[in-house]
Amino acid sequence: MKHFLDIHTMAQIELRGIIDDAAAMKKARLGRPRGAPDDVQPLKDHMVALIFEKPSTRTRVSFDVGVRQMGGQTMVLSGADMQLGHGETIADTARVLSRYVDLIMIRTFEEQTLHEMAEYATVPVINGLTNRTHPCQIMADIMTFEEHNGPIKGKRVVWSGDGNNVFASFAHAAKQFDFELVFTGPETLEPERALEGLYTSVRDPNEAVRGADLVVTDTWVSMHDPQSARERRHNQLRGYQVNEALMAKAKPDALFMHCLPAHRDDEATSAVMDGPHSVIFDEAENRLHAQKAVMRWCLEK
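None of the values given here were measured: they were computed from a predicted structure.

S.K.: Explanation requested: the pairing of strand β8 (residues 214-217) in the structure shown.
M.R.: If a strand is regular, its side chains alternate between the two faces of the sheet. Here β8 shows two buried faces, one formed by L214 and V216 and the other by V215 and T217. Pairing geometry for strand β5 (residues 156-160) and β8, over 3 bridges, is parallel. Paired with V157 across the strands is L214, a residue of β8. Direction of pairing for β8 relative to strand β9 (residues 255-258): parallel, over a ladder of 4 bridges. Each bridged residue has a counterpart across the sheet, and for L214 the counterpart in β9 is L255.

So, in structure tokens, the structure goes:
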């Protein structure tokens, strides 16, 4: 079964094939209305379950639109709609859903939920996000970088802020796509120890971004964080805001990315987000194309 669970568990040639396929599908759609079907309909007669334990804008819309463009149908399920892991085991849910649908995308909290779903499903499972990783986002980010600045191999990518789940997938990608990854953030928010060796840590953000080809950040707070945690994180991370002064220390053609949603003028200023280095909306669009390629890979279409 071809599950798409984490970047570091896949072969480099498969990851490169997905990126190339995504770019080709995007090019083939130039100038078309968003609702127009693709010329090739690899998901014709296929049903895809989209499971959301966590709320979503980009993941939900991009997967839904992508399935429809490729000729398939979607069934969107929220955690409140299901008995996932509560009234029914995840294993039993996986077995049942596999009788109804051809593909499962799940956006959940615990990594174990994703892996148990994949273990017991008899159809492919895609990681739409967990508390630990966000591989679909990073596939879109790599696609976006290469659209603007060519191959990412050998480039310097600097992450400023919290060593969270999105950073973890960047760390996995650094090894698979052979680029340098630098983390700059407070010691208390350093990435998990399992990622050691996949990045270097530079505490001073001004030093970290020197020579950067790409500067990336993410929200400082989760939608589920209590107010006390939000205040504490703002105090810890204020010195790692991506602003015009920080971007000026990167290469002149450096790009700025943020996976969104953003708290403008917290982790990044509006001047940077709307400025000449920013590709955040290309990045958001490419979630659609990258995920279409992931689905095709899973179904061998």
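S.K.: Even after reading the chapter, I still don't get the pattern of salt bridges, so can you show me in this structure?
M.R.: Side chains carrying opposite charge are able to pair once their charged atoms draw close together. Using the criterion set out here, one finds 20 salt bridges in the structure. As a salt-bridge pair, R68 and D64 come within 2.8 Å of each other at their nearest N and O atoms. A residue pair is termed a helical-turn pair when its members lie 3 or 4 positions apart in one helix, as R68 and D64 do in helix α2 (residues 58-69) at 4 residues. Exposure remark for D64: the relative accessible area of 13% places this residue in the buried category. Put simply, D162 and R233 hold a salt bridge, and the shortest N to O gap is 2.6 Å. Placement of the pair is D162 in the loop between β5 and α6 (165-177) and R233 in helix α8 (residues 227-237), with a sequence separation of 71 residues. In this pair, the class of D162 matches that of R233, namely buried. Each of R16, D20 and E146 takes part in salt bridges that share partners, so that together they form one network.

S.K.: I'm lost on the nonpolar core in this one. Help?
M.R.: General note: in soluble globular proteins, nonpolar side chains tend to be found buried as a group. In this structure, F4, I126, M139, F170, F177, F179 and L181 are the most contacted members of the largest nonpolar core, which totals 54 residues. Broken down by element, the residue count for this core peaks at 8 residues, all from α6. Not counting residues up to four positions away in its chain, the partners in contact with F177 are L15, R16, I19, M139, I142, I152 and K153. L77, A94, V101 and I106 belong to the second largest nonpolar core, which has 18 residues in total.

S.K.: Any chance you could explain the sheet that holds strand β2 (residues 73-78) here in plain terms?
M.R.: The strands that make up a sheet are held in pairs by hydrogen bonds between backbone atoms, and each pair lies either parallel or antiparallel. The sheet built from 4 strands is open, its strands ordered β2-β1-β3-β4 with parallel pairing. Either end of the sheet is taken by a strand with one partner, and the two such strands are β2 and β4 (125-129). Pairwise comparison of adjacent strand axes, ignoring direction, gives a mean angle of 20 degrees for this sheet. Here 5 bridges tie strand β1 (residues 47-52) to strand β3 (residues 103-107), and the two strands are oriented parallel to one another. Looking at the pairing, L50 lines up with M105 of β3.

S.K.: What's the story with the packing of aromatic side chains in this structure? I'm lost.
M.R.: Here the structure, examined in full by the defined rule, presents 6 aromatic pairs. Ring geometry for F183 versus Y199: centroids 6.3 Å apart, planes at 75 degrees, classification edge-to-face. Linking F183 in strand β6 (residues 180-184) with Y199 in the loop between β6 and β7 (200-201), this pair joins segments that are 16 residues apart in sequence. Each member of the pair F183 and Y199 is classed as buried.

S.K.: Help me understand the environment of E146, please; the structure alone is not making it clear to me.
M.R.: Mapped onto the fold, E146 is located in helix α5 (residues 135-149). Classification of E146 by relative accessible area gives buried; the value is 19%. Between the C-alpha atom of E146 and that of H134, which follows or precedes it by 12 residues, the distance is 19 Å. Those residues in contact with E146 that lie beyond four places of it in its chain are R16, I19, P151 and I152. At a separation of 2.8 Å, a polar atom in the side chain of E146 contacts the side chain of R16.

S.K.: Can you help me understand the packing of helix α1 (residues 12-28) against α5 in this one?
M.R.: When two helices pack together, their arrangement is captured by the angle between the axes and the distance separating the axes. Between α1 and α5, the shortest axis-to-axis distance is 10 Å and the interhelical angle comes to 65 degrees. Handedness of the α1/α5 crossing: right-handed. Contacts between α1 and α5 involve L15, R16, I18, I19, A22, A23 and K26 from the first element and M139, I142, M143, E146 and E147 from the second. When its residues are assigned to classes, the contact of α1 with α5 shows 8 nonpolar, no polar and 4 charged.

S.K.: Where do I start with the sheet that holds β5 in this structure?
M.R.: One open sheet accounts for 5 strands, arranged β7-β6-β5-β8-β9; its pairing is parallel. Two strands in the sheet have a free side with no partner beyond their single neighbour: β7 and β9. Across the sheet, α6 is in contact with β5, β6 and β8; its angle to β6 comes to roughly 155 degrees.

Parameters at a glance
Residues numbered from 1 in each chain as written. Predicted model: local features only at pLDDT ≥ 70, side-chain atom pairs only at ≥ 80, totals over all residues. Heavy atoms only, no water. Buried < 20%, exposed > 50% of the residue type's maximum accessible area, 1.4 Å probe, protein only. Helix = DSSP H or I, 4+ residues; strand = E, 2+ residues; numbered from the N terminus. Pairing = 2+ DSSP bridges. Salt bridge = Lys/Arg side-chain N within 4 Å of Asp/Glu carboxyl O. Core = buried A, V, L, I, M, F, W, Y, C linked by side-chain atoms within 4.5 Å. Contact = heavy atoms within 4.5 Å. Axes fitted to C-alpha atoms, helices over the stretch in contact; angles between N-to-C directions. Phe/Tyr/Trp six-rings, centres within 6.5 Å; stacked < 30°, edge-to-face > 60°. Polar contact = N/O pair within 3.5 Å; in protein donor to acceptor, adjacent residues only side chain to side chain. Left-handed = near helix turned anticlockwise from the far one by under 90°. Nonpolar A, V, L, I, M, F, W, Y, C, P; charged D, E, K, R; others polar.

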